[in-house]
Amino acid sequence: MSYKKIIESGLRAAQDNMCGQDKIWSRYSHDKVDVGEVLAKVIRTLSSVFPLNLKLRALSIGSSDEPQFRILETAFRGGLYLLDINNCALNVVKERIKRQRTDHVITIEGDYNKIFLNAKSREDFFKEKLNSSEVHLVTLHHSLYYCLARDWLNIFDNLYSKFLAHKAAMHAVLMSSKSTSQSSTTWLYNHFAGKFFGVHDDQDLRAFKKKLQKQPAFKKAQVELRTNRIYFDVDDFKKFMAVVWMILLYPNVHKYSLKQREEITEFIYKKFYKTRHPLIQEQDHLVVYKGIKSKGLI
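Residues numbered from 1 in each chain as written. Predicted model: local features only at pLDDT ≥ 70, side-chain atom pairs only at ≥ 80, totals over all residues. Heavy atoms only, no water.

A. Highlighting the overall build of the protein chain. If you tally the helices and strands in the protein chain, you get 12 helices and 7 strands. Taking 298 residues into account, the globule formula puts the C-alpha radius of gyration at 19 Å, and the protein chain, at 20 Å, falls close to it. For the C-alpha atoms alone, the extent of the protein chain along its principal axes is close to 60 × 45 × 35 Å. Within the protein chain, buried positions represent 54% of all 298 residues. Expressed as a percentage of contacts within the protein chain between residues at least 6 apart in sequence, the contacts between residues at least 24 apart total 78%. Here the protein chain has roughly 14,300 Å² of accessible surface; of this, 51% comes from carbon and sulfur atoms. (Helix = DSSP H or I, 4+ residues; strand = E, 2+ residues; numbered from the N terminus. Rg over C-alpha atoms; globule rule 2.2 N^0.38 Å. Buried < 20%, exposed > 50% of the residue type's maximum accessible area, 1.4 Å probe, protein only. Contact = heavy atoms within 4.5 Å. Areas by Shrake-Rupley, 256 points an atom, 1.4 Å probe, with all protein chains shown as cover.)

Structure follows, in structure tokens:
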């Protein structure tokens, strides 16, 4: 392909839907392997404090059909509740539930901000969707992107105090908000969103960990954080750019103009694709253990 056609293919990738972009990211990075590894450690910790015959329950927020679903489905036979605003993801799960007869999995379409930041909606959700039964795990795998950082504390406080059982855990995953590497997704977002819109990533799980530890409600909780490095590369420029547009939050958050999209596409081609340089994501895992005295794994 000529340089012009390659660039045009990268621009066309901006039209792909987020569901498709995330599938590319999942296939050509080891993000989901990384999430699954930490999730397995959290489940190991939970399993160590409960009788083996107890059927655990979990609430997964915003990651319905991702690979870790299979881990959750097998580990939480007492009920796995999948809350997602993305009907595309939920439909995949609904078909799988019917085909594989996993009746303990329940799909729920909704915006978690509207549910957990409103007292009545929160109470209705607990009674009507969770049958007034607490859960042993809440996961927020890449879903905090869709919540303002100033609302995180309210979300966590409500989930921790009103939805978690007396022994339970929460596991959140996000791209690190700060990075010095110009090969990172963090630098990429901060550079272009900062240049064109004057904004930078303020969704900082590292800072949030310290904030949580100062809250009276979390005084007895274990709050742990670790950062892992993820690599993404694919020998197809359109697919590469599809993931870049997802990272740059186009078009759902930032409306880059055609000229700006052209600048971004040419930058990615020269910096990454032409030189076969992988895109790096520094990824933060925040785990909160409730009522567990022994040191939890992370």
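Moving on from the model shown.
B. Spatial organisation of unusual backbone geometry. Omega for the peptide link from Y250 to P251 comes to 0°, which places this bond in the cis form. Summarising the element assignment, P251 is placed in the loop between α11 (237-247) and α12 (258-273). With phi around 65°, H142 is a residue other than glycine that occupies positive phi space. Among the structural elements, H142 can be located in the loop between β4 (135-141) and α8 (152-162). Look at R276: it is not a glycine, yet its phi comes out positive at around 55°. As for its placement among the helices and strands, R276 is situated in the loop between α12 and β7 (279-290). For R276, a relative accessible area of 37% translates into the label partly exposed.

C. Layout of the sheet that holds strand β1 (residues 57-61). Pairing is mixed across the open sheet formed by 7 strands, whose spatial order is β3-β2-β1-β4-β5-β7-β6. The sheet is open, and its two borders are formed by β3 (105-109) and β6 (222-232), each paired with just one other strand. Across this sheet, the average inter-strand angle for adjacent strands is 15°, counted without regard to direction. One ladder, built from 5 bridges, connects β1 with strand β2 (residues 79-84); its direction is parallel. When the bridges of β2 are listed, R57 appears paired with G79. (Pairing = 2+ DSSP bridges. Axes fitted to C-alpha atoms, helices over the stretch in contact; angles between N-to-C directions.)

D. Main features of the pattern of salt bridges. For the coordinates displayed, the defined rule picks out 13 salt bridges. We note a salt bridge from K120 to D124, for which the minimum N-O separation is 2.8 Å. With a gap of 4 residues between them, K120 and D124 both fall in helix α7 (residues 119-128), about one helical turn apart. On the basis of relative accessible area, D124 is assigned to the partly exposed category, the value being 25%. (Salt bridge = Lys/Arg side-chain N within 4 Å of Asp/Glu carboxyl O.)

From the geometry alone we can't say anything about function, so treat these as descriptive.
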